[in-house]
Each structure stands twice: as structure tokens, then as C-alpha cells.
Amino acid sequence: MSQQTTIHQIGNNIQIINEILVKQILLCDDNQRLDYLLQIFSKYEIIRKRYETKAWHSYFRRIAMNPVIFYENNSTLFDQDNQYEQINQFNKNNDFIIIHGNLHIGQFQYYIDDKTNQQIFYIRNSQNIFCSFTKDLKRLGANIALIAYCHGCDSYEINEIINNFIRKYIKIILKLNKSKQSSINNQSVEVSHQIYEINWQSINTMKDLLILSTQLAIATANLHYQPTISIINSKNIQTISTILSSSNQQQKLIDEICLFSMIYAEIAERDHRLFFRNFRNERIFQNRNILKQNQIQYPLIPTHSVSILIVGGGICGMATALNFARAGIQVRLIEKNNEFIEVGAGMQLAPNASRLLDQLGILENVQAKAVFPKQIVWMDALSGEHLTSIDLGEKFIETFQYPYIVVHRADLLQILYQACLQTSLVIMETNRTVINVDERPKSLMIQCADGIRYDCKMVIAADGLWSTLRKFVCHDDGPPISVGYVTYRGTVDINQVSKEAGLNTVQFWIGPDIHLVQYPIRHGQLFNQAAVFRSNQLPDETDQWGTKEELNQRFSICCSHVKDSLKLIQTNFRWPVYDRNPIKKWNRDRLILLGDAAHPMLQYAGQGAAQALEDAFTLVDIFKKYNLTKFHTIFHEYEQKRIPRSSKVVQFARDIGIFAHYNGIAKILRDSILRMHDINDFSFLEWLYGENNE
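Model, not experiment: these values are computed from the prediction. (Residues numbered from 1 in each chain as written. Predicted model: local features only at pLDDT ≥ 70, side-chain atom pairs only at ≥ 80, totals over all residues. Heavy atoms only, no water.)

Student: Summarise the sheet that holds strand β8 (residues 375-380); cite the residues concerned and give the values.
Tutor: The mixed open sheet is built from 7 strands, whose spatial order is β9-β8-β16-β17-β18-β15-β19. Looking at the sheet topology across the chains shown, the edges are occupied by β9 (386-391) and β19 (575-576). As paired strands, β8 and strand β16 (residues 505-511) are joined by 6 bridges and run parallel to one another. Across the sheet, the residue bridging to V377 is Q507, located in β16. Docked against the sheet, helix α22 (residues 664-675) engages β8, β9 and β16, running at close to 45° with respect to β9. (Pairing = 2+ DSSP bridges. Helix = DSSP H or I, 4+ residues; strand = E, 2+ residues; numbered from the N terminus. Contact = heavy atoms within 4.5 Å. Axes fitted to C-alpha atoms, helices over the stretch in contact; angles between N-to-C directions.)

Encoded structure:
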């Protein structure tokens, strides 16, 4: 039997042993694995530190950080778990694949000294000076897998990263060999041996991890191709590239390293959790027989592959989901609360909102819960004088094709919710609080607080005024803007309200930095009221400004009707009034903003829901023209249509607020203008309510 055949058989036997031992590690119960870890640490680590209390605590503090630090500081475990790897499994002939191990330079030790707070850096040489070149790749692959796991990647993503690492390694090896062959006089190829410190805090995304794996592959290939220490002749140094010149051998290497790295990362992560659940102090080593069985959950985080994810289960998100479903497109909608609820009371729906609800097929259900006011009435909150009205009767409906209605916010959301339940194209989930967005080469990863993640082709952020996802688009946008206005609002039974309150109108009582809005909702069963005033205190994040005491004080100058109405206002909830300045871009990568997440506006124009509906319809209409691969085109066209119009509405709402809250001479002039207004003149609203609103 030839020597080459013998080596081949030994290699096959080693591979069988490898598979058996890996299965033993994976299948052994926690107690057995803990016992093994205990023996390793007792033999190699604890002996040196048993009487060094501070050193012991420092050591454990370092390795407790995460599985990566745990294994980087315990090469013994890696070597012990792989002690059966005496020759390389990858190639039949091991004469040409033995290199200087541990990336040629031993093992780096880097930490902060507990006593002096100084950075400690040194190199501990490995006892295994020579090893298979695949051991370096396996150890790096396992560490890359652990790093990716600590950043929340799932099995599919970890495998993608390791694949990138090995493929890049092969590419560089072959490139170096080609350069050497083509160089004059076959001179050595210049390779880099510089050491760079990795800024781990800057590695936050899948893209960062892919870049890291690429850089590690380049560095490793350079070290393997031309080691810092010359240990074998130049002919043998080139054999790695010779081995990898075959595509079959390349794929074998990729498969072997990926499989090993994934399995070993799982072993390492499990060991880390077992070790620090049981070995928090040295006393545990004195009584090994009291270890308890512990059921450990499977470590991988669930990930859902989603074409379109809508974040936010309010009116905007629900309407967007339903509109996609009406177009035959499946979406998934997630909401941070444990149920789909709408905070607030009454809301006004102008014709541009009713028109879109009709197209959604739910207007009839909404109108069954609604009230159709006859007029919008502007009243002087101080004198009680009627200033002007906008008639909402036949001419108004003839002009805009749809009526002006008022509803309870919860009723509208419930109707949208029921419509979404009736279609299989909308998947809805609650208790999903988004905490992180990660850009991937061909997707966007959304991570929730409960560990659930969504790998998305498109993400629609409809998560409202305090949008989490808006920060992904606008890093320096800051918090929403407040100029000091606060709202107290609520509903009362209609029987508690006097007939003089205007039970078939929307009444808008205006005064200096104050106003009161009143109208019936829920088919006339409830009466909605909202009292708004500007606080004399500077707004901040506390609830110490715009208090109910200040509410009563500010409205004390009003007419008797307003003061009597104020007694029915619920004061247990206060809503500071916010909006934001318009921005020029609503998207980043595969994420787009909708509704209040994109353009929050003051309530004075009654257009918040209407503009969110317009966003939803515009986006879906454009989406139907293209497909997911052209999301940049979809987003660009959507922004071109929606940003100018919504920005104008944001300013219009601000202008109404300024106009309504005038004092002094400005108030006198405003009142004169309102008294002259024709109640059937709607020309100033055609740009907003009309069907052709371009």
C-alpha cells in the first residue's frame, strides 16, 4: 500500500472521528458538557488563578462579555474540542498543507487591567506551532459566526458571511499565485503584514459584517501565502493555491469551513451560556456533583422573510395594508401594542378622505357610524359672536362629490381592521416593537424587542409622530416641534349637552392663543370636545407645563357657553400639540415613510388622516406600475408626488392655527374678514378637497 493511499485512509478515518465527536458534543446533555468544561478549566485555567482573587475576577469579567470574548480568551477549549484533527481532512497529501498555526503570530491577549485601568496587550504563543491551513480558517470562521450571532444574524445570514469569507480567501490566494507566476525572475510577491485595530462599535449592519469578513480573508490569505516565518521551502508555500485551483476543491473547502463554523459557533454559544449560568465563582469547582440539569432554549432568533412589511397598526398603516390587499399584493403589518387601538376621540374626514375610503370599499360602513354636519361654524370664544360658516350642504357635495363627515377614531380603525381580517393578503401581528434596522445587500432586516426579525424587500414606516423608523431616514431630525400648545379632549354622552351646543355642526370657538372644537360623533350618540391653549411655560418633556389649572385659567376670559363646555372636558389626559418641518426625502435604502412618520401636521386643518390615506393610495398606485426590484423608482416617484403637496398642507395647518389665535389688531382685522365671507364659497378649498388636486 502506498504512502499516499495510507494518508488518504487516515484522512477518511479522521473525518469519521470528527463527525462522531461533533455529534457527541451536540447531543450530550448540559450536565455532561458542564463536566467537560469544568475539567478543562480546572486543568488549564483555574490552577494558575486559584490563589489570585483579583486576577480571577478580572479574567472572568473579560470572558463574560459575550461568546466571542469567551472563546478568544480560551483557546484551550477550541484545541481540546478539535484535538482529533491531527492531519487535514481537506487534502489527501498533508506534506504541502502544514503551516505555522494560529495565523502565524500566536494568540492576541488584549484587555483593560482592573487595577490600573491600563490597556494590556501581549501575544501568547500557541503550543501547536504547526497545523493544517484549514485550522486557521475554521477558527476564524467560528469567530466570524459568533460575531454575527451576537449582532442578531440568523443561520442563513451567518452562512452568507462565512461563504463570503472563504470565497474571498480563495480569490486572493489564486490572485497572489498568479502575480507571483507573472513576476520577473519569480520574485516574492509583496504582501502586507500590518495589524489594524477593529472598531467593534462601528460594526452594526450586515454590510459591516460582510466587509469585516472580506478584510479578514485578505489578511489571512496574505499570511498563508507568504508567512512571516519561513518554515518550509518556497515550492511548498505555493501548494495552497495549487490545491485550490480546482473548482471542486474550492467548493469542498467552502462547504467544510461553513459547516464547521456554524456547528462550532453553536457549541461555543451554548458553552458560554452554560458556563456563566453555573460557574460564577470558584466554589463551584469544589463540588462538581451538584450541577443541575438546565433546559436551554435553542439560540437562533426567528426570522421571517417578508416582501412588504408595514410598521404601525394605526389608521395609516391599516389603510395602506388594505389598499395593497385590494391590489392583490400580500403584506405583513406589525403593531407595537398588544391590540389594535386608536388613541383619541373624534376626527373630521373631508371629501378627499371620504373619496379614498370609498375606493377602499369601506365608506358605507364608516358613514353608518358617522355624523354629517350641516356647517363648520367659526365663533368668537370671547364674545360668543358668530363670525362665519362654511355650508356643507348640497352645493358643497356637488362641488367635491363627497360629504364632510365626523367620526370616532376608534370606529374608523375598527372598520379598517375588520376589512383587513377578511382578506388573506394581510397578516397582522401585535406586540412587535421595532428596535433596530439593518441594511443588507438585497434586503432590510427589521428587529423587534422580542427577538423576532423580518427580512424585508420593502419596509413602510407608518409608525406615527414618534416614529422609530424615521430616525433611520433622518439621523439629525430631532424630536417633533412644539410651540407650547396643549390639547385636552374627550367625549361625553349627547344627553349631557345643551341644544345650544350645536348638535348638527362643527363649532370652532376661537380666541387669543385658545380655541375649542365641538361636534357630535358615533351617529349622534356622543359629543366630542377638544380644548386647545398655548401655555405660558416653555414646553419640555415633562407634564409640568400646560396643566389643567392653566387650562381653566386661560379659558376664564371666554363667554359663558365656552366656560360651561369646559366643565365637561376630560382633564385626565393631555396631548401636547406637535408637528415637524417638511423634509426633502422620505426614504433610505428599502424603507419609506408614510403618514405622520413622514409629515406630522397640526390638527387645525383636519387633514392628518386624509393625507395619510393619500400617501397610501399614491404609493400603491405607483407600486402597481413597477415591481419590488425597482423600489428606488417607486420611492422617487412617490416622493415627487407627495412631498410638495403634504408640505403645503403642513404649512396650511400652521397658518390656520396662527389665523385662529390672533389677538389685538390682528384679531379685529381677522374677524372683519370672516364676517364678509360667503358661506357657499369653497374656492379656497378646491386645491385640498378636489379630486384633481395636483
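Still more ground to cover, so stick around.
Student: Describe the pattern of salt bridges, naming the residues involved and giving the relevant values.
Tutor: Counted according to the given criterion, the structure contains 22 salt bridges. One salt bridge connects R588 with E439, and the closest N-O pair in it is separated by 2.7 Å. On the criterion of sequence distance, the pair formed by R588 in strand β20 (residues 587-588) and E439 in strand β12 (residues 434-439) is long-range, its members being 149 residues apart. On the basis of relative accessibility, which here comes to 24%, the residue R588 falls in the partly exposed class. Here D615 ties to R642 by a salt bridge, and the two come within 2.5 Å at their closest N and O atoms. You can see D615 sitting in helix α20 (residues 608-625) and its partner R642 sitting in helix α21 (residues 631-660), a full 27 residues away along the chain. Salt bridges here are not isolated pairs; linked through shared partners, they connect E157, D438, R440 and R453. (Salt bridge = Lys/Arg side-chain N within 4 Å of Asp/Glu carboxyl O. Buried < 20%, exposed > 50% of the residue type's maximum accessible area, 1.4 Å probe, protein only.)

Student: Kindly report on the packing of aromatic side chains, identifying the contributing residues and their values.
Tutor: Applying the stated criterion to the full structure yields 17 aromatic pairs. Measuring from ring centre to ring centre gives 5.0 Å for F396 and F400, while their planes differ by 65°; the resulting arrangement is edge-to-face. Taken as a pair, F396 and F400 lie in helix α15 (residues 394-400) at a separation of 4 residues, close to a single helical turn. Of the two residues, F396 and F400, both sit in the buried class. Ring geometry for F659 and Y662: centres 6.1 Å apart, planes at 70°, overall edge-to-face. Residue classification places F659 among the partly exposed positions, given a relative accessible area of 23%. A residue is classified by how much of its surface remains accessible, and Y662, at 30% relative accessible area, is partly exposed. An aromatic cluster is defined as three or more aromatic residues linked by ring pairs; in this entry it consists of F396, F400, Y404, F682 and Y689. (Phe/Tyr/Trp six-rings, centres within 6.5 Å; stacked < 30°, edge-to-face > 60°.)

Student: Tell me about the environment of A221, and name the residues and values.
Tutor: Structurally, A221 is set in helix α8 (residues 206-225). Under the relative-accessibility criterion, A221 is labelled buried at 0%. Separated by 47 residues in sequence, A221 and L174 have C-alpha atoms that sit 9.4 Å apart. Those residues in contact with A221 that lie beyond four places of it in its chain are Y169, I172, I173 and L176.

Student: Provide a residue-level description of the environment of T399, including the pertinent values.
Tutor: Mapped onto the fold, T399 is located in helix α15. Note on T399: relative accessible area 31%, which makes it partly exposed. For the pair T399 and Y689, spaced 290 residues apart in the sequence, the C-alpha separation amounts to 9.3 Å. Among the polar contacts made by the side chain of T399, one reaches the main-chain carbonyl oxygen of K395 at a distance of 2.7 Å. (Polar contact = N/O pair within 3.5 Å; in protein donor to acceptor, adjacent residues only side chain to side chain.)

Student: Describe in detail α22, supporting the description with residues and values.
Tutor: For α22, with 12 residues, the first-to-last C-alpha span of 17 Å sits near the 16 Å given by 1.5 Å per residue. Listing the buried residues of α22 in full gives K667, R670, D671 and L674. The buried residues of α22 occupy an angular sector of 100° when the element is viewed end-on, so they sit on one face. Exposed side of α22, more than 90 degrees from the buried face: I665, I668 and L669 are the residues found there. Next to the buried residues of α22 lie β8, β9, β16 and α21. (Expected span 1.5 Å × (residues − 1). Arc of directions from axis to C-beta.)

Student: Describe the packing of helix α12 (residues 315-326) against helix α16 (residues 409-421), with residues and values.
Tutor: Relative to each other, α12 and α16 sit at 30°, their axes nearing to 9 Å. Taken together, the axes of α12 and α16 are roughly parallel relative to one another. The way α12 lies across α16 gives a crossing that is left-handed. Across the interface between the two elements, I315, M318, A319, A321, L322 and R326 from α12 touch R409, L412, L413, L416, Y417, A419 and C420 from α16. The residue makeup of the contact of α12 with α16, split by class, is 11 nonpolar, no polar and 2 charged. (Parallel < 35°, antiparallel > 145°, perpendicular 65-115°, else oblique. Left-handed = near helix turned anticlockwise from the far one by under 90°. Nonpolar A, V, L, I, M, F, W, Y, C, P; charged D, E, K, R; others polar.)

Student: How would you explain α16 if you had to name every residue and give the values?
Tutor: For α16, with 13 residues, the first-to-last C-alpha span of 18 Å sits near the 18 Å given by 1.5 Å per residue. Those residues of α16 that are buried lie in contact with α12, β7 (346-349), α13 (351-360), α14 (363-369), β10 (405-408) and β11 (426-429).

Student: I'd love a proper account of the state of the cysteines, names of residues and values included.
Tutor: Throughout the structure, instances matching the rule amount to 0 disulfides. C448 forms no disulfide, and the closest cysteine sulfur to it belongs to C456, at a distance of 9.2 Å. Judged by its relative accessible area of 0%, C448 falls in the buried class. (Disulfide = S-S within 2.5 Å.)

Student: Pulling in residues and values, what's your account of unusual backbone geometry?
Tutor: The backbone phi angle of Q401 is positive, close to 70°, even though this residue is not glycine. Positionally, Q401 belongs in the loop between α15 and β10. Residue D589 is not a glycine yet carries a positive backbone phi of 55°.

Student: Tell me about the pairing of β9, and name the residues and values.
Tutor: Side-chain positions along a regular strand alternate between the two faces of the sheet. Within β9, 5 of the 6 residues are buried, which leaves the element mostly enclosed by the surrounding structure. The antiparallel hairpin formed by β8 and β9 contains 5 residues in its connecting segment, where G384 sits at a positive phi of about 85°.

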